[in-house]
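Secondary and tertiary structure notes
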Amino acid sequence: MREVFDPAHADLRIAYLDARQRTPSRLARAGLRILYAARVLLLALDCGRVVFAATLAFHRSRPPDDRHPQEPFTMLLYYARHALRLLVREPGFTIAAVLTLALGVGANVAVFAVVEAVLLRPLPFADADRLAIVKHRDQRTGFTKQDVAMGDFVDLAARQSVFESMAGYGSGQGLMFGLGDPFRVSTLGAGPGLLDTLRVRPVLGRLLQPDDSRPDAAPVVVLGYELWQSRFGSDPNIVGRGVKLGPRERQVVGVAQEGFRFPPAAAVDVIVPMAVPATAPAERKSGWPYAVARLKPGTSIEDANANLAILSTALQREYPRSNQGSEYFALPLRDAVVGDTKPALLLLLAAVGVVLLIACANVANLMVARSLARRREMAVRMALGAGRGQLVAQLLAESLMLALAAGCAGALVAIWGVPGLVALLPASVAAPGLADVRIDGSVLAFTLGVSVATALLFGLVAALTVKRESAAGALVAPGRVTMSRTARRATSALVVVEIALAIVLLVGAGLILRSFVRLLAVDPGFRAERVMTMGIAVPSDRYKDADSRRAFYDRASAALRALPDVRDVGTAVVMPLTGNNWTVGFERVEQPVAAGARPPEVGWQVASGGYFRALQIPLVAGRLFDETDTPHTRPVVIISEAVQRRFFPHESAIGRLIQSGDGPAEIVGVVGNIRRADLRDEPRADLYFPAERGPGNQMTLFVGTTADPAGVLPSLQAALRAIEPSIAFLEARTLSDVAAASMQVTQLALWLLGLFAVISISLAAVGIYGVMSYVVRQRTREIGTRVALGATGRDIAWLVMRQGAAIAACGTVLGLAASLVASRSLAAILFGVSTSDPATLAVSAGALIAATVAACYGPARRAVRVDPARTLADQ
Amino acid sequence: MRKPRLPEVTHLQFLVLAVLQGGEQPGRTVRKAIGHYGVRRTAAAFYQMMARLERDGLVEGWYDQITIGDQAVTERRYRVTPAGARAWEETRAFYENAGLAVARERWSDA
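From a predicted model like this one, the values you see are computed outputs, not experimental measurements. (Residues numbered from 1 in each chain as written. Chains lettered and ligands numbered in written order. Predicted model: local features only at pLDDT ≥ 70, side-chain atom pairs only at ≥ 80, totals over all residues.)

Description of the overall build of chain A
Looking only at helices and strands, one finds 26 helices and 22 strands in chain A. Relative to its 875 residues, chain A shows a buried fraction of 41%. Counting contacts in chain A only where the partners sit at least 6 residues apart, residues at least 24 apart contribute 84% of the total. (Helix = DSSP H or I, 4+ residues; strand = E, 2+ residues; numbered from the N terminus. Buried ≥ 20, exposed ≤ 12 C-beta atoms within 10 Å, placed from the backbone. Contact = placed C-beta atoms within 7 Å.)

A closer look at helix H3 (residues 43–55) of chain B
Residue and element names in this part refer to chain B. In a regular helix each residue adds 1.5 Å, so 13 residues correspond to 18 Å; H3 covers 18 Å between its end C-alpha atoms and thus fits that length. For H3, the complete set of buried residues consists of Ala43, Ala44, Phe46, Tyr47, Gln48, Met49, Met50, Ala51 and Leu53. Where H3 ends, the next residue or the one after it, Gly57, has phi of about 80°, a positive value. (Expected span 1.5 Å × (residues − 1).)

Remarks on the nonpolar core
All names here are of chain A. Core analysis: the largest hydrophobic core is formed by 252 residues, its most contacted members being Ala113, Val134 and Leu505. Beyond its immediate chain neighbours, meaning those up to four positions away, Leu505 contacts Ala351, Val354, Leu753, Phe756, Ala757 and Ser760. If you look at the next biggest cluster of nonpolar residues, it comprises 6 residues, including Met378, Ala379, Met382 and Ala463. (Core = buried A, V, L, I, M, F, W, Y, C linked by C-beta atoms within 7 Å.)

Details of helix H5 (residues 150–159) of chain A
Residues and elements named next belong to chain A. Judged by how many residues are buried, H5 sits mostly within the fold: 8 of 10 residues are covered. Residues of H5 that are buried include every one of Met150, Gly151, Asp152, Phe153, Val154, Asp155, Leu156 and Ala157, and no others. In this structure, the buried side of H5 is in contact with strand E1 (131–138), strand E3 (163–177), strand E10 (290–295), helix H8 (301–318), helix H9 (320–323) and strand E11 (326–332).

Notes on the pairing of E1 of chain A
Residue and element names in this part refer to chain A. When E1 meets E10, the two strands line up antiparallel, connected through 4 bridges. Bridge assignment links Leu131 to a residue of E10, and that residue is Arg294. As paired elements, E1 and E11 share 7 bridges and run antiparallel to each other. Looking across to E11, one finds that Lys135 is bridged to Phe329. In the sheet, E1 pairs with strand E2 (residues 144–145) via 2 bridges, with the strands oriented antiparallel. Opposite His136, over in E2, you have Lys145 as the bridge partner. Here E1 hands over to E2 after 5 residues, with Gly142 in that stretch at a positive phi of 85°. (Pairing = 2+ DSSP bridges.)

Section: the packing of helix H4 (residues 91–120) of chain A against helix H13 (residues 388–424) of chain A
All names here are of chain A. Where H4 meets H13, the axes come as close as 6 Å, and the angle between the chain directions of the two elements is 45°. As summarised for this structure, H4 and H13 are arranged oblique, according to the angle between their axes. Note that H4 runs across H13; the crossing there is right-handed. (Axes fitted to C-alpha atoms, helices over the stretch in contact; angles between N-to-C directions. Parallel < 35°, antiparallel > 145°, perpendicular 65-115°, else oblique. Left-handed = near helix turned anticlockwise from the far one by under 90°.)

A look at the interface of chain B and chain A
In this assembly, 17 residues from chain B lie in contact with 19 residues from chain A. Among the secondary structure elements, those contributing two or more residues to the side of chain B that touches chain A are helix H2 (27–35), H3 and strand E3 (71–80) of chain B. With 6 residues, the single largest contributor to the side of chain B that touches chain A is H3 of chain B. Its residues assigned to classes, the side of chain B that touches chain A shows 7 nonpolar, 6 polar and 4 charged. (Nonpolar A, V, L, I, M, F, W, Y, C, P; charged D, E, K, R; others polar.)

Brief notes about unusual backbone geometry
With the exception of glycine, most residues fall at negative phi, and the peptide bonds are largely trans. Residue and element names in this part refer to chain A. In the segment running from Phe262 into Pro263, the intervening peptide bond is cis, with an omega of -5°. With respect to the secondary-structure elements, Pro263 resides in the loop between strand E8 (248–256) and strand E9 (270–273). One non-glycine residue with positive phi stands out, namely Asp127, at about 45°. Mapped onto the secondary structure, Asp127 falls in the loop between H4 and E1. Accessibility expressed as a C-beta count within 10 Å gives 13 for Asp127, which makes it partly exposed. Phi is positive for Arg530, which is not a glycine, with a value near 55°.

Some words on the confidence of the model for chain B
All names here are of chain B. Across chain B, pLDDT averages 86, with 94% of residues at or above 70. Taking the mean pLDDT of every element in chain B, the minimum, 86, falls on helix H4 (residues 82–104) and the maximum, 94, on strand E1 (residues 25–26). Predicted as a complex, the structure gets a pTM of 0.65 and an ipTM equal to 0.88. (pLDDT = per-residue confidence, 0-100.)

Below you can see the structure in the form of structure tokens.
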């Protein structure tokens, strides 16, 4: 099969990539992709046909005497043909079963395609499984961050014994000039040895060398392959040319290999050398590079962590003031990059697995009911000498045919579902491979595997109900054949399982819904509505010192405030609700921490007075930063209420002095607490430094508006460009969008689990409807007799409902127990609600019981209408 | 005179071998080339035939990586083996010589 599929698939892929290159429109590209996926599916089917035809031709080419009637291939052909004929003869059953299974298989394949792209596909580096990210954990708060203090980085790199190499890097944005309008580029600052650690190769020129990172080295740059193609037209003579990046002219020394991205989900337009000192600087907590390392061959991540733990303890002992409670640990690169997405994806995979199980249970029920109707056929076969094995094989062949048809339909469902699923994933899920989710060989193999497993699962249940001893009875009185006790129990058990599984999904969706509602109700401490945030950068050669930058921001603020619809304008460095955990030590001047002890940490932010007004963060005491705070006045800070409570519990903080980088700084104001990193975060103690004293070249503007903030954006940009024509605009988003983005993972889980829960509860209702309909049909004579003996309609309805209620009760109890265990896996996504929330459990059980009652209503009505005269006459 | 033997390759295989006489080619080029002679085969059927030719030792196939845009694709390339070249030559000679000779003979059913 591979010898046919692989080259043919390569041809398809070449044609697709060729067409994609010639198509600029994103919509058309999406269309091409869907077309490609459909063609791959057709190709797989065609390959199956061709290989089967070749095998058949070979089989037929042998003289009939050579072929034994019982040899596997002959039997297989026989069973397959027979099964197909039967399925075609009963289109209603076939379509119902195939559609039910296709839904389950399709959802599984779509989610698996995403899992394959994000979690299973190798990262695009040589020996990527030996790459690890070194991270920092504060033992006192439990917060982790990727930034490593430069002093610690230098010492760790020098002392460690588990890594082949360890290199620092930094990611950022820069502006490139000289090719028309200045444009934004993603920069990777590469410490010495980074590109060797990642095993990157140049396609042109050379990569960076350790000497390039020396402070006195000539400024150089390596271009990313994609930037070289798009902006420099793949110029083969680019090496040696100068480009202006930010304030500096840099010489291009090479072009990196195609597709190089680091971190793996981030685009790299240019790579510039990053200086790393040879010995640890006196100010250990500075620099803040990220660190990536390559494990020595044969060394595990546990070994690395043991080594880093020893080094962390040594550093704590040597530098208690800066390192007390500081711990370093290594995380495999994939885990570091995939982050929170991994449990969410595995959760989804489990949820769609449950949907498939429910679909299987439903189809198994259909098969059992159908096998009952075929009792006579089976009996005739047995009477003619067919063994039980042959009948089971026949039933299995039928289920296999059904499952394969469902697999094909499911693959189509997946081809349509994958782009939708990827579009649903929040932008904050920056996982490598997400941009390239496709239905490829491994996904198709998964589809085939799931389909066959499905067939075995529901086929076996049906096959197990085949019984030998009833054959004679079936032949003598075909009308009276009833389900054997085993079969009856099997179908009821299947429905119980369906209900239990549906409850698990329902409880999961319910818990997430409650979390989402709680998140929406959280007060972040500021108003996100009607605030526009926009990153701006001014050329650093024109705005060299703090005074010139301050003058620019003053003029810009005044111009923006003069615009209609603008309420207030402020600047800040840290964007709220984006997970930022930057902290700074807090130490009162009059109460210094003991020598050798590390001061407690509080959140760090640089903001202007306008920032508090734009976000409507309330001023509790003192004043906000204003025009009197300049680069030349004494340092001042603002604290949040949490700082006041923690460090000044019984006194006013205003006027007190704290230690800061610039010397003692006076606390001039106290503002309300905000949830800075995340809505799930507790309101934190934050320390604000005035942006007025030293604004940077890049800042984020927060503009409070009285109208729709997105509508105001063009006039904001026009006003700023009028002041500084060479200003560059970075990302612009409304603060409401930022807040919404921080809830996207919860929202996604809510959507998908909700969808799966609705599907599963519908399937469970269909299942119970089928079983109860069958029960009513079976008990028609009994019901007729009861009515004849004086039973009322109510009695009869209760008789049916009671049986349905018993099944529903068993399923509900089992499901609630299972969901208590299963919902623990949701703990990371939940907010403000316990995994065993009684209200959610009760509502889910209630919803399922309601669905069950509704499903029993039809059969019960039919039972009530049974005419005793007719049924008794039939008897 | 040696008795002429019927050729062992089919006309389709003959066409494929003819295309590869000019040098190695990727499979898709071979498929396109025989398409000019009215041979329409699905990709699966075509590569099934190529696999058969490989098994019979008439052609040799291997995978080669090419790059399109930013994506690498491994395509299958083929070249004719000495046995394949011989089979093609014998078939060509058969139709040219034996075929003509048959036409020139006077045949009767007596």
